[in-house]
Amino acid sequence: MGRLEKVANKSLSSTTQSVCREKNEMTFKWAAVSAGTCLTTDAVRPTRVFWCLCLIAAIAVAAAASFSNDQIAILASDSVSLLNSTQVHLRNQSKCSGKMDHDSLCSMFGLLDADFLSDAKMLEIEKGARELNLPIIKSNRELAASANGGLENPSSLVFSASWSHDHAQHASKRFNYPSIPRIERPKSDEDIAFMSILELGQLIKSKQISSEELAQIFLNRLKRYGPVLESVITITAELAYEQARKADQLLAQGKYLGPLHGIPYGLKDIIAVPHYKTTWGSRTFKNQVLDTEAWVYKRLKSAGAVLLAKLVTGSLAYDDIWFGGRTRNPWNIEEYSTGSSAGPAASTSAGIVPFAIGSETAGSITYPAARCGVTAFRPTFGTTGRTGVLSLSESLDKLGPFCRSAADCAIVLDIIRGKDPHDPSSRDFPFPDPFSVDITKLTVGYLEDAEMDVVQKLKSKGVNMVPFKLNYTVHSAQGILNFTMDVDMLAHFDEWQRAGLDDEFEAQDQWPVELRRARVVPAVDYVQAQRARGKLIQEVRDGFKVDAFIGNATDWERVCVGNLVGMPVIVVPTGFKPISDAPTNNTRRRTTITTGVYASPEHDHIALALAMAYQEVTDHHKQRPPIDDLGPDDSIPNPPTKTVPPRQLHG
């Protein structure tokens, strides 16, 4: 109010003030009526309510200055009655109009204790929820929740009240490993680097090479090729020499611990090893040292294996991008390796390590193994313990080996399988010896996308090969997996998101987007996803009329089905083809061709046996990638001009 207006007000006569009171009383009542009309209009929105209430408050404050306390009380009573009737109208008209505004979003996220998110992130989540979450929710509800009572389609997540997870489980006997003819030590370290576990073990056992010397050969390769492939995070040289010397001492005393005695290897850097960084591939955790010893590391250490390095994991186990770069495919270094077990796949393919341990929640073993052309095994869920390993999803996470051959995979799995006392999902189940399977008694299906060379060679070895189709009625296994993995992952990284650390994530279109969307998945719809998963498991089980089947290992829907059901698969190299857009016809770079051998849960031995049978009559798995010699007139620009986009999870 200006100075002249204040002077004028002071000069008002008592008569004028009386007239003003009458006008203000009318104004007050008019404001209440107008607000009521404003609030009860059909197009009520929260912002409209807000501004209507502001209008009431503003007029009331201005008018109240001229009223006595009694008059204010009478008028306030009338107005409150009108507002109460308006609230009843609002409740009756509370069905969502389908429109959202800023205040609504803030209010909604506040109820979820998620109002720490910025406006931009809230809008991003709203868009993602409409486009991705809602179709999944509706599909799962239609599939598994159409009837009340919960009598059908129970959740696949089962509670156990037992305080002991032993349940009289007994480990199966160790496999009967095949013997190999005596071999002589190759003259070239390069040749040694590409020998199988059994061959390296023969050299050590016969004392043609010491474990310490073998460790030195592979450490040299780690230092030479690791930076080129961006596949190594931490070299554990001091620990490697210590463990190698111990292996040599035991052998000198006549104590041989088995086929992994003195054999070097690498671990995906989500597996904790005391006194060394476990970075999870993330710049947020790149200096993290966990004071724990992962169960799988304990098993390998007790078997005499020698840890050389912590190998690259994609940041927080998502794809191949990590805080130090992006891991490359040794067969075509211009490409990326894909999958979060990028380091184990690339390092094994390049002969940097004889074998490595990776993990899979949704494709992180199968994808990089196929891209890098190595043999890798995703076992039945629960085969290996996961204590001390970064957890994405307790009902999906699995550990598995990357190796030179299927026989090597069987050997490594034999060592790391079994009950982990601190992982309730792990168990000892009967595990027949894959080296003793009579494959001529098996009936094996093949899908339309199976590599027919595998089909023909297994048939020639006496396997009954039949066409097969994996049937189920679930609309999208991918949607069920997304809900399961993303919600579980967010539960493990809730504080990370709340602290805004997702803004530091290496690939903003990956975990940050998915985990923000997971924030608005209702608990009931998470459970419905598990019921849909239970139905999927039942349908796959009922339709699994063969002992195993052959099919593409990287079909995304099949990857989702396999992980949701928990079935094992081994990725097997089956050949090579020219790279696209080759700079010269003489390039040695290749695109690898692979297939998957799938078995039903707890029948891992069958998948392994079939893969071994195929590799007995082929040598694709023995080929070496062209790291040092790309071929005449071929070179790779630095940085490479050709990139392969990462696999993305979509609803």
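The structure we're discussing is the one just above.
Parameters at a glance
Per chain, the residues get numbers from 1 upward, laid out in the order the sequence is written. For a predicted model such as this one, the threshold for reporting local features is a pLDDT of at least 70, and the threshold for listing and counting side-chain atom pairs is 80 or more; totals across whole chains, interfaces and linings nevertheless cover every residue. Each side-chain value is worked out from all heavy atoms of the structure, with water and hydrogens disregarded. Note on conventions: DSSP H or I runs of at least 4 residues are helices, E runs of at least 2 residues are strands, and numbering of each starts at the N terminus. Each residue's exposure class comes from its accessible area (1.4 Å probe, protein chains only) as a fraction of the maximum for that residue type: buried when under 20%, exposed when over 50%, partly exposed otherwise. Here a residue-residue contact requires only that any non-hydrogen atoms of the pair lie within 4.5 Å. Computed with a 1.4 Å probe, the accessible areas rest on the Shrake-Rupley method; for each residue, only the protein chains presented here act as cover. Here a cavity is any set of points on a 1 Å grid over the protein atoms alone where a 1.4 Å probe fits but cannot get out, and a pocket is any open set with protein on both sides within 12 Å along at least 5 of 7 lines; a residue lines the site when it has an atom within 4 Å of a point. Grid points are joined across faces, edges and corners, and a volume is the space filled by probe spheres set on the points. Nonpolar residues are Ala, Val, Leu, Ile, Met, Phe, Trp, Tyr, Cys and Pro. Charged residues are Asp, Glu, Lys and Arg, and all others, Gly as well, are polar. In this scheme Phe, Tyr and Trp rings, the latter by its six-membered ring, pair at centre separations within 6.5 Å, and the angle between planes marks the pair as stacked below 30 degrees, edge-to-face above 60, and tilted otherwise. Criterion used throughout: strands pair if DSSP finds at least two bridges between them. If the strands point away from the viewer and the path from the first strand over the helix to the second runs clockwise, then the crossover is right-handed. Working convention: axes come from line fits to C-alpha atoms, limited for helices to the stretch in contact. Angles between N-to-C directions cover 0 to 180 degrees. By the definition adopted for this analysis, an angle is roughly parallel if under 35 degrees, roughly antiparallel if over 145, roughly perpendicular if from 65 to 115, and oblique otherwise. We call a crossing left-handed when the near helix sits turned anticlockwise from the far one by less than a right angle, and right-handed when that turn is clockwise. Helix span, expected: 1.5 Å multiplied by one less than the number of residues in the helix. We call a set of buried Ala, Val, Leu, Ile, Met, Phe, Trp, Tyr and Cys residues a nonpolar core when their side-chain atoms join them within 4.5 Å. Basic side-chain nitrogens of Lys or Arg form a salt bridge, by our definition, when they fall within 4 Å of a carboxyl oxygen of Asp or Glu.

*Asks:* Account for the overall build of the protein chain, with residues named and values stated.
*Replies:* Broken down by element type, the protein chain carries 21 helices and 15 strands. Burial statistics for the protein chain: of 651 residues in total, 54% are counted as buried. Contacts in the protein chain between residues at least 24 apart in sequence constitute 78% of all its contacts with a sequence separation of at least 6. Approximately 29200 Å² of the protein chain is accessible, and the part contributed by carbon and sulfur atoms is 53%.

*Asks:* Describe the layout of surface pockets, listing the residues and the values that go with them.
*Replies:* The gaps of empty space that remain are located by a probe, the size of a water molecule, rolled over the atoms. In this structure, the second largest pocket encloses a volume near 770 Å³. Along the walls of the second largest pocket sit 26 residues, with S405, A407, Q615, H621 and K622 positioned nearest its centre. Residue assignment for the lining of the second largest pocket shows that the elements contributing at least two residues are helix 8 (197-205), helix 14 (406-416) and helix 21 (604-616). Here the lining of the second largest pocket gets five residues from one element, more than from any other, and that element is helix 21. Among the residues making up the lining of the second largest pocket, the classes are represented as 13 nonpolar, five polar and eight charged.

*Asks:* Lay out the packing of aromatic side chains with the relevant residues and their values.
*Replies:* One pass over the full model with this rule turns up 18 aromatic pairs. When the ring of W322 is compared with that of F323, the centres are 5.1 Å apart and the planes differ by 75°; the resulting orientation is edge-to-face. Its relative accessible area of 9% is what places W322 among the buried residues. Among the aromatic side chains, those forming a connected cluster through ring pairs are F175, Y177, F429, F431 and F435.

*Asks:* With reference to specific residues and values, describe the pairing of strand 12 (residues 464-467).
*Replies:* Relative to strand 12, strand 11 (residues 443-446) runs parallel, the two being bridged by four bridges. Bridged to V444 within strand 12 is M465. The parallel pair strand 11 and strand 12 is bridged by helix 15 (residues 452-460), and the resulting crossover is right-handed.

*Asks:* Provide a residue-level description of the packing of helix 6 (residues 119-144) against helix 19 (residues 523-543), including the pertinent values.
*Replies:* Any two packed helices are characterised by the angle at which their axes cross and by the distance between the axes. The interhelical angle for the contact between helix 6 and helix 19, taken along N-to-C directions, is 55°, at an axis separation of 9 Å. Put simply, helix 6 runs oblique to helix 19. With respect to the hand of their crossing, helix 6 and helix 19 are arranged in left-handed fashion. Contacts between helix 6 and helix 19 pair I137, N140, R141, L143 and A144 from the former with D525, Q528, A529, R531, A532 and K535 from the latter.

*Asks:* Residues and numbers for helix 11 (residues 295-302), please.
*Replies:* Spacing of three or four residues puts side chains on the same side of an α-helix, whose turn is 3.6 residues. Those residues of helix 11 that sit buried are W295, V296, Y297, R299 and L300. Those residues of helix 11 that are buried are in contact with helix 10 (237-252), strand 2 (264-268), strand 3 (306-311), strand 8 (356-360), strand 10 (398-403) and helix 14. Of the residues one or two after helix 11, G304 is the one with positive phi, at around 90°.

*Asks:* Would you mind going over the sheet that holds strand 1 (residues 232-235) in detail, with residue names and values included?
*Replies:* The mixed open sheet is built from eleven strands, whose spatial order is 1-3-2-8-10-9-14-15-13-11-12. Two strands lie at the open edges of the sheet, namely strand 1 and strand 12, each paired on one side alone. Looking at each pair of strands side by side, their axes are set apart by 30° on average, direction ignored. Strand contacts of helix 10: strand 1 and strand 3, with the helix running at about 160° to strand 3, the strand carrying the most contacts. Across the face of the sheet, helix 15 comes into contact with strand 11, strand 12, strand 13 (548-551), strand 14 (569-578) and strand 15 (590-599) while running at roughly 145° to strand 12.

*Asks:* Can you break down unusual backbone geometry residue by residue, with the values?
*Replies:* At E230, a residue that is not glycine, the phi angle is positive and equals roughly 55°. Topologically, E230 is positioned in the loop between helix 9 (211-229) and strand 1. In this model, L316 sits at a positive phi of 50°, which is unusual for a non-glycine residue. Mapped onto the elements of the fold, L316 is located in the loop between strand 3 and strand 4 (321-322). The exposure class of L316 is buried, given its relative accessible area of 0%.

*Asks:* Now, about helix 10: what can you tell me, with residues and values included?
*Replies:* Between the first and last C-alpha of helix 10 there are 22 Å, a value that for 16 residues agrees with the 22 Å anticipated at 1.5 Å per step. Every buried residue of helix 10 is listed here: L239, A240, Y241, Q243, A244, A247, D248, L250 and L251. Buried residues belonging to helix 10 abut helix 8, helix 9, helix 11 and strand 3. Remark: G254 follows helix 10 within two positions and exhibits a positive phi of approximately 85°.

*Asks:* Could you give me a rundown of the pairing of strand 3, with the residues and numbers involved?
*Replies:* Summarising burial for strand 3: six of the six residues are buried, a large majority. Taken together, the three bridges between strand 1 and strand 3 define a ladder with antiparallel strand orientation. Bridge pairing in strand 3 places I235 opposite A309. Pairing geometry for strand 2 and strand 3, over five bridges, is parallel. Within the sheet, the bridge partner assigned to Y265 lies in strand 3 and is L307. Note on the crossover from strand 2 through helix 11 to strand 3: the handedness is right-handed.

*Asks:* Before we move on, could you go through the nonpolar core and cite the residues and values that matter?
*Replies:* By size, the foremost hydrophobic cluster in this structure holds 153 residues, and its most contacted members are L260, L300, L308, F355, I357 and L610. In this structure, L300 is in contact with L260, Y265, L267, A305, F355, I357, I415 and I416, ignoring residues within four places of it in sequence. Ranked by size, the runner-up nonpolar core spans eight residues in total, among them L105, A114, L117 and I125.

*Asks:* Account for the pattern of salt bridges, naming residues and giving values.
*Replies:* The full count for this structure, using the stated rule, is 32 salt bridges. A salt bridge links D414 to R174; the shortest N-O distance between them is 3.2 Å. You can see D414 sitting in helix 14 and its partner R174 sitting in the loop between helix 6 and helix 7 (189-193), a full 240 residues away along the chain. We note a salt bridge from R541 to D542, for which the minimum N-O separation is 3.7 Å.

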